[in-house]
Amino acid sequence: MPYNKDGIGYQKTDTSKAAAYSNYPGKLSAKDRVLQLLQKVPNKLTTEEISDVLQIPYGTVQPRLSELQNENKVIDSGERGKTKWGKSCIRWTSA
């Protein structure tokens, strides 16, 4: 996945690239918002919970968590939650 100079990833389509480059100084990216939430709350949160709190689509949150994990900024807490389908899922926390 390519990234812009601010580390925002995008797919190989013109619309995805345009969205990644639409960030302006001072605007928090979805990745920044996810990280700030995990740094502020004492709870460990699932991807769905993060999506609900920030009102960002699940499909936007999950890749941001992967990026943050690759940057060693968030970690798997070792705790598990349940998805809306009853499946086990990771509860994330800031590193």
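Our subject is the structure that appears above.
This structure is a prediction, so every number in the text was calculated from the model and none was measured.

### A closer look at the pattern of salt bridges
Throughout the structure, instances matching the rule amount to five salt bridges. Within this structure, Lys31, Glu71 and Lys73 form a network of salt bridges that share partners.

### So, the nonpolar core
Across soluble globular proteins, you tend to see nonpolar side chains buried next to one another. Ranked by size, the top nonpolar core spans 13 residues in total, and within it Val34, Leu38, Ile50, Leu54, Val61, Leu65 and Val74 carry the most contacts. Contributions of two or more residues to this core are made by α2 (30–40), α3 (47–54) and α4 (58–70). Top element by residues in this core is α2. It accounts for four residues.

### Quick look at the packing of α3 against α4
Direction vectors running N to C along α3 and α4 enclose 120°, while the axes themselves pass 9 Å from each other. Between α3 and α4, the crossing angle belongs to the class labelled oblique. Remark: the crossing between α3 and α4 carries right-handed chirality. In this structure, α3 uses Thr47, Glu48, Ile50 and Ser51 to contact α4, whose residues at the interface are Tyr58, Val61, Gln62 and Leu65. Here the contact of α3 with α4 is built from residues that sort into four nonpolar, three polar and one charged.

### Things to note about the packing of α2 against α4
Between two packed helices, the angle of one axis relative to the other and the distance separating the axes together describe the packing. At a closest axis distance of 9 Å, the pairing of α2 and α4 adopts a crossing angle of 75°. Judged by the angle between their axes, α2 and α4 are roughly perpendicular. Note on element contacts: α4 touches α2 through Thr60, Val61, Arg64, Leu65, Glu67 and Leu68, opposite Ala30, Lys31, Val34, Leu35 and Leu38. Across the contact of α2 with α4, the residue classes tally to seven nonpolar, one polar and three charged.

The rules we used
- Residues numbered from 1 in each chain as written.
- Predicted model: local features only at pLDDT ≥ 70, side-chain atom pairs only at ≥ 80, totals over all residues.
- Heavy atoms only, no water.
- Salt bridge = Lys/Arg side-chain N within 4 Å of Asp/Glu carboxyl O.
- Core = buried A, V, L, I, M, F, W, Y, C linked by side-chain atoms within 4.5 Å.
- Buried < 20%, exposed > 50% of the residue type's maximum accessible area, 1.4 Å probe, protein only.
- Helix = DSSP H or I, 4+ residues; strand = E, 2+ residues; numbered from the N terminus.
- Axes fitted to C-alpha atoms, helices over the stretch in contact; angles between N-to-C directions.
- Parallel < 35°, antiparallel > 145°, perpendicular 65-115°, else oblique.
- Left-handed = near helix turned anticlockwise from the far one by under 90°.
- Contact = heavy atoms within 4.5 Å.
- Nonpolar A, V, L, I, M, F, W, Y, C, P; charged D, E, K, R; others polar.

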